[in-house]
Amino acid sequence: MKRLLELYQRWSGAQAAGVEQLPAAGSNRVYYRIAADDGSTVIGAIGTSRDENHAFIYLSRHFAQRQLPVPAVLAVDDDELRYIVADLGSETLFHALSGGREAGGRYNQYEKQLLVKTIRALPNIQMRGARGLEWEQCYPQPEFDENSVLFDLNYFKYCFLKPTDLDFHELKLEANFRLFAKDLVAEKYDSFMYRDFQARNVMLDAQGNPYFIDYQGGRKGPFYYDLASFLWQASAKYSHKLRRELIYQYYDSLKDYTEVPSVRHFVDRLSLFVLFRTLQVLGAYGLRGYFERKKHFIDSIPYAMQNLRELLKLNVFPYPYLMDVLRRMTELPQFTRIDQPAVNRTDGYKTTTTNVYEANPQDGPATFSKYDGKGPLVVKVFSFSYHKGIPADDSGNGGGYVFDCRSTHNPGRYEPYKKLTGLDEPVIRFLEDDGEILTFLDSVYKLADTHVSRYLQRGFTSLMFSFGCTGGQHRSVYAAQHLAEHIHQKYHVEVRVCHREQGISFVLKD
C-alpha cells in the first residue's frame, strides 16, 4: 500500500486525501479508490503477478490507442506490481441487470437496451483491438489452441464428470475430446478473444455506455467464444428469444469490422463454442462448488445443466460418445430437478456435510487459552529478510512458525533473477525446476495443515507463518505466497499476506 501511495504522489504531485479498498474480485489483485483533495478519484491496483499486470497494462495502452472504451492507464510502478488507472465508477452491467435476473430472466426494455449496446460493442474490441496487437504480450499464452481446449475438457472430466460416479469409457471419451478440440481450432481468426467477457467485467457510464475491464487473460482466438461466454452465462437466465435477438445484433455489428460467414455457418460454429463453454463452466463449478464447497457455484449448477440439456436437444454435434455421456449425466437424480436446492444435493458426489473440525472427546474442554472459542481464524503469512529482523506478532497470541528458506537454492545469486521476486514467472520456474523449495514446502504444508485444523477446532483467532531468506525477495516470497494460497484454498479462512521487503500486502478471502 505504501508504494502504491508513493506512485500516486509521483503521478499527481500531491498526497492522497483518502483511500478506500474495493470489494475483492476473483483474482489476487487488490483494488483501491484513491481520492484527491478536489474529490476526483482514480483506481489503484496491487497485483501479485508481474506477467499478468504487464498484459493488462500493455493491452490497455494498445486499446486506448485504438480509441476503445477501456480505462486509461495513468501510472505504473517500475516493477509493474502496482498501477493506477482512470476511475470508471461503480456501476457494472451485472448490477444494472439484477432486476431481470431476479425476475427469472424477464428483462425490461432498459435492461435489454443495455444488453444490445454491450453486445454490439463487443466486435469493436475483438476486431479493432486485434489490429497491430503484439500477441506475444498476452498472458498466459498468445493464442487459443488445441492444448488449451484439451486442458479445459479434462478439467471438466476430473472436476465435474468423475465425481458423479457415472460409468464411462475413458479412452472413448478422450478420442471424442480430441476431435472436439480439433474442430474448435480448425478456423483461424485475426481477432482478440476477451476470454472473460461477462457482465461483471463491463462498466457503465452515466449514459449506459459500456466500458471494458479485466481482459488481461485475452489472446488471439475465435470471436465465437466471447459471444457464447456472455449469452450462455448460467445464472443470467436469458430467454431463447432474447438470445436470438442478441446474436443477431452481434452478427449485424460484426459486419462493420470484418467479412462475416453465412448465417448457417456462424450458428453452427457458435453452437460448438456454446457446448465447449458449458463444459468449461461445469468444470469450474465442480471444483469451486463440490470440492471447495462454495455455495454460489453449487447454486449455479442447475442452470448450467439446463443449458446443457437444451444443447443436447439440437442433435448437431458429431461426437457420439461424448453426447451419450452428457445425456446420461443430465439424467442423474441429482440433476433432474432444477428447483431442488443445489446446496443439499450431495448424492452422487464424494462430499460431506460433516464438520471435519469437530472436537474429539479426548481433547477435553477448550478452556486452555483466553483466545479459545472467539473465531473466526485469521492467518497471517509474511516473507522477510533476516537482515531486517523477524516480523513482530501484534496479536498477543504468539502462535505460529518462522521458517528459514536459506537452505534452498537461491536464484538471487544469478544475474537474470536479481531484479525479480518470487512472484515472477522466471523465478518461479527456476525454483520449481530446481525442486529444493518444493521438498521444503511439503514439510511446511504438513505442519501448517495440522496447526490450522486445530486452531479452527478451538476457535482461535490468529495464526502466523513467516518465511525468511537473505533479502526477502526470492525464496521467502515464493514460499509465503504458496503457503497462503494453500491455506486459503483448503480451509477457506481469511489469509493476510505481507511480502514485507517488497511492500506488498493483500488479503485472500472468500
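For the structure, see preceding data.
Residues numbered from 1 in each chain as written. Predicted model: local features only at pLDDT ≥ 70, side-chain atom pairs only at ≥ 80, totals over all residues. Heavy atoms only, no water.

Asks: Sorry if this is basic, but what is going on with the packing of aromatic side chains here?
Replies: Between two aromatic rings, the relevant description is the distance of the centres plus the angle of the planes. Considering all chains together, one arrives at 38 aromatic pairs under this definition. Ring centres of phenylalanine 63 and tyrosine 215 lie 5.3 Å apart, and the angle between their planes is 80 degrees; this geometry places the pair in the edge-to-face category. You can see phenylalanine 63 sitting in helix α2 (residues 50-65) and its partner tyrosine 215 sitting in the loop between β8 (210-212) and β9 (219-220), a full 152 residues away along the chain. Note on tyrosine 215: relative accessible area 0%, which makes it buried. Members of the aromatic cluster, each reached through a chain of ring pairs, are Phe144, Phe180, Tyr189, Phe223, Tyr224, Tyr225, Tyr250, Tyr251, Phe266, Phe273, Phe276 and Tyr319. Note that arginine 200 overlies the ring of phenylalanine 94, its terminal NZ or CZ placed 3.7 Å from the centroid. (Phe/Tyr/Trp six-rings, centres within 6.5 Å; stacked < 30°, edge-to-face > 60°. Helix = DSSP H or I, 4+ residues; strand = E, 2+ residues; numbered from the N terminus. Buried < 20%, exposed > 50% of the residue type's maximum accessible area, 1.4 Å probe, protein only. Lys NZ or Arg CZ within 6 Å of the ring centre and 35° of its normal.)

Asks: Help me understand the packing of helix α9 (residues 240-254) against helix α10 (residues 263-291) in this model?
Replies: At their nearest, the axes of α9 and α10 sit 12 Å apart, and the two run at 120 degrees to each other. Between α9 and α10, the interaxial angle falls into the category oblique. The element α9 and its partner α10 pack so that their crossing is right-handed. Contact with α9, carried on its side by Ile247, Tyr250, Tyr251 and Leu254, involves Val263, Phe266 and Leu270 of α10 and no other residues of that element. Across the contact of α9 with α10, the residue classes tally to seven nonpolar, no polar and no charged. (Axes fitted to C-alpha atoms, helices over the stretch in contact; angles between N-to-C directions. Parallel < 35°, antiparallel > 145°, perpendicular 65-115°, else oblique. Left-handed = near helix turned anticlockwise from the far one by under 90°. Contact = heavy atoms within 4.5 Å. Nonpolar A, V, L, I, M, F, W, Y, C, P; charged D, E, K, R; others polar.)

Asks: Which parts of the structure should I look at to understand the pattern of salt bridges?
Replies: According to the stated counting rule, one finds 28 salt bridges in the structure shown. The salt bridge partner of arginine 29 is aspartate 214, with a shortest N-O separation of 3.8 Å. Of this pair, arginine 29 sits in the loop between β1 (18-21) and β2 (30-35) while aspartate 214 is found in the loop between β8 and β9, placing the two residues 185 residues apart along the sequence. Aspartate 214 matches arginine 29 in its accessibility class, with the two residues each being buried. Residues glutamate 170 and lysine 157 are paired through a salt bridge, measuring 2.8 Å at the closest nitrogen-oxygen approach. Here lysine 157 lies in helix α6 (residues 146-161) and glutamate 170 lies in helix α7 (residues 170-184), a separation of 13 residues in the sequence. Exposure remark for glutamate 170: the relative accessible area of 29% places this residue in the partly exposed category. (Salt bridge = Lys/Arg side-chain N within 4 Å of Asp/Glu carboxyl O.)

Asks: What should I look at first to understand the nonpolar core in this one?
Replies: In summary, soluble globular proteins display a tendency toward joint burial of nonpolar side chains. Judged by nonpolar contacts, the single largest core of 101 residues is most densely connected at Phe180, Phe266, Leu326 and Met329. In terms of residue count, α10 provides more of this core than any other element does, twelve residues in total. In contact with phenylalanine 180, not counting residues within four places along its chain, are Leu153, Leu272, Leu275, Phe276, Leu279, Tyr319 and Leu322. Membership of the second largest hydrophobic core comes to 51 residues, among which are Leu4, Leu377, Val379 and Leu431. (Core = buried A, V, L, I, M, F, W, Y, C linked by side-chain atoms within 4.5 Å.)

Everything listed is a geometric property; what it means functionally is a separate question.
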